[in-house]
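# Analysis of the macromolecular model
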Amino acid sequence: MADIIQLLPESIANQIAAGEVIQRPASVIKELLENSIDAGSTEIEIILKDSGKSLIQIVDNGKGMSETDARMSFERHATSKIRVAADLFKINTMGFRGEALASIASIAHVELKTRTEDKDVGTRIVINGSAVQTQEICQTPKGTSISVKNLFFNVPARRNFLKTDATELSKILEEFKRIALIKPEIFFKVHHNGVELYYLPSSNIRQRVVSIFGKKYNEKLLPVQEETDAFSVQGFVGQADAAKKSRGEQYLFVNERFIKSNYLNHAIRLAYGDLLTKDVHPFYVLNLNIEPSQIDINVHPTKHEIKFQEERIVYNFLNVAIKHALGKYSLRPMIDFESEREFENVHSSMGVSSGMDYPKAGRKEIDKWSSLYEEIKENQMSPSTDDKVYTSAATDEGSLHNSLDKIRSKPFQIHNKYIVHQIKSGFVLIHQCYAHERILYEQYNNQLSEGQGNSQKLLFPITINYTPERYTLLVNMVDELNHLGYEIENFGDNSIIVHATPAELEEDSAEDTLERFLNAYQENIEFQLGVAENLARSLAKSTAIKKGRRMTEEEMQTIIDKLFACKNPYVNPDGKKSVITYEISEIENLFK
Ligand code: ADP
Ligand code: MG
């Protein structure tokens, strides 16, 4: 029989490799950003078109490449980062496999321009599907610019597998955040379809977190900083009331490389104890520094797993570091002596101690919260001894109800902003706007996941004309909006017709409500949350009663009842407090 084994042509081998390394536009972003960082760049600009499907361009001011290196960089297994096998055990660059550029060039139209500092002219190379089209001298600033156009032009199966533009963009931005958060010293700019999405001048981690996630995070961040001989951790964890329903905002890095680890996530979560309810996830951005020889990063390039030699010790170290951060800043009411000692133990014995439990003081706080609702109900429904006269006068059910109503402690409003309501052990102070946001948010969420909101037909349907961007945004959400009780019809030509609005909305004009909603949506959109969650949040924000609005007693009572029937009454959807309790004993102390 004739020999049948042949070596694969290079371009096919590259395409196969690309199948593993490059799954979507976000993978290209990750690889190119890592290269720019490895090249020592201090400024990196990302330019995207159509969520990276038509164009991904990265421009950096790093060390650039010589003419020969520029050509070599597209060869498979071509890397400047590893020379001998021993290098594998002390890797401190982000990439090292030498696969990324070869892979990308095999499935896209790529243009590279690069220049090193010591040369006046640079090199320009154009490669389409592994075939070099052009290599020439060019004028270009110091650094490297790579444009990747028409990704997967020659692999239709891959192209068809891509998700909607919104999803691919959110994946890109997630990949971007995983790098921008841990490299705050680098100046990043991101443009998508001509719109600037991020402009992040060089800063420290705290400022970077705030510029990525928003100003409201500033007061919610607790610094984490611990060190032993073997490793150290730095970064921030969010306070318990900033925890979110979605798991998105958790960033753990090992030696500045993003990793995913359920095991270590558990260590962090456990540190909060029952300060957190089961269904929320704490915010964190943490970097763990470990001697590179103690970890194995030689796992699959697109997976974010990591192997530690001493996993359990790392677990304990992280757990205690977070507890320490939470206790130190008195989020936990008084960390007790026990737990401080526990911390010292781990420091000295490198964490082999077991059964570390959170301090008991945290428990008390939670118990207080959960008894609050009971107390409020009780206070409203059962007359105290002083009120006997009313109950004994009650004969039938109707008048009993009336008399109960009379003896309810009346809520009263201060500064048209807060509701004060007496409970047995003291009083609660409710932020009317945040409380209403919480109520509506949970209600919209229920309607979105389960059923149909109540509609109120408009006497005269209204037609609204939008800018193309707003129109596209709105049209993509029509189904969800209709679920909530809207009846919106797409009229085409940048117009919609509103036939009905959710019954519980205040009787504003539908146009104004939608306008406020769209503004809130665009301001607050967090891509990783998905349409429904963003919708519920922004609709809650835009339709809640505002501060400064005088409320009737009945309205206040409704807010109180509905708030305490919520799953999580204590914070608005952004994590701002919606209600605070004051114990009468605390007040008495003030008068001593
Ligand atoms: P790896 O990063 O694993 O080495 P790549 O295919 O991503 O492999 O890159 C190949 C080589 O090209 C790198 O080792 C580096 O020398 C060079 N290179 C790639 N991108 C840049 C850049 N932005 N600036 C300078 N050199 C770069
Ligand atoms: Mg690389």
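Relevant structure appears above.
The following refers to the structure shown. (Residues numbered from 1 in each chain as written. Chains lettered and ligands numbered in written order. Predicted model: local features only at pLDDT ≥ 70, side-chain atom pairs only at ≥ 80, totals over all residues. Heavy atoms only, no water.)

## Digging into the site of ligand 1
The full set close to ligand 1 counts 19 residues, and Asn35, Thr79, Ser80, Lys81 and Gly98 are the nearest of them. In the environment of ligand 1, a nitrogen atom lies 2.9 Å from a nitrogen or oxygen atom belonging to the side chain of Asp60. In this structure, Thr144 approaches ligand 1 through a side-chain N or O atom, which is 3.3 Å from a nitrogen atom. Against a free-state accessible area of 530 Å², the protein chains account for coverage of 93% of ligand 1. Among the secondary structure elements, those contributing two or more residues to the shell around ligand 1 are helix H2 (25–38) and helix H4 (100–106). Across the shell around ligand 1, the residue classes break down as 6 nonpolar, 9 polar and 4 charged. (Near = heavy atom within 4 Å. Polar contact = N/O pair within 3.5 Å; in protein donor to acceptor, adjacent residues only side chain to side chain. Areas by Shrake-Rupley, 256 points an atom, 1.4 Å probe, with all protein chains shown as cover. Helix = DSSP H or I, 4+ residues; strand = E, 2+ residues; numbered from the N terminus. Nonpolar A, V, L, I, M, F, W, Y, C, P; charged D, E, K, R; others polar.)

## Things to note about a nonpolar patch on the surface
On the surface, a cluster of nonpolar side chains totalling about 490 Å² of accessible area is made up of Met1, Ile4 and Ile5. Within the secondary structure layout, Ile4 lies in the segment before helix H1 (10–21). (Patch = residues over 30% accessible without salt bridge, like charges linked within 9 Å, V, L, I, M, F, W, Y side chains within 5 Å. Salt bridge = Lys/Arg side-chain N within 4 Å of Asp/Glu carboxyl O.)

## Side note on the pairing of strand S9 (residues 221–227)
Bridge count for S9 against strand S10 (residues 231–238) is 7 bridges, and the pairing is antiparallel. By the bridge assignment for S10, Gln225 is matched with Gln234. Joining the antiparallel neighbours S9 and S10 is a turn of 3 residues. (Pairing = 2+ DSSP bridges.)

## Structural notes on the sheet that holds strand S17 (residues 418–423)
On the basis of which strands lie adjacent, the open sheet formed by 4 strands has the order S16-S17-S18-S22 and antiparallel pairing. Each of the sheet's edge strands pairs with one partner strand only, and the pair in question is strand S16 (412–414) and strand S22 (579–583). Taken pair by pair, the neighbouring strands of this sheet meet at an average axis angle of 25°, ignoring direction. Bridging between S16 and S17 involves 3 bridges; their strand directions are antiparallel. In the sheet register, Phe412 faces S17, and the bridge partner there is Val420. Relative to strand S18 (residues 426–431), helix H14 (residues 432–449) is tilted by about 75°, and along the sheet it contacts S16, S17 and S18. Contacts between helix H19 (residues 553–564) and the sheet are confined to S16, S17, S18 and S22, with S17 contributing the most and set at about 70° to the helix. (Axes fitted to C-alpha atoms, helices over the stretch in contact; angles between N-to-C directions. Contact = heavy atoms within 4.5 Å.)

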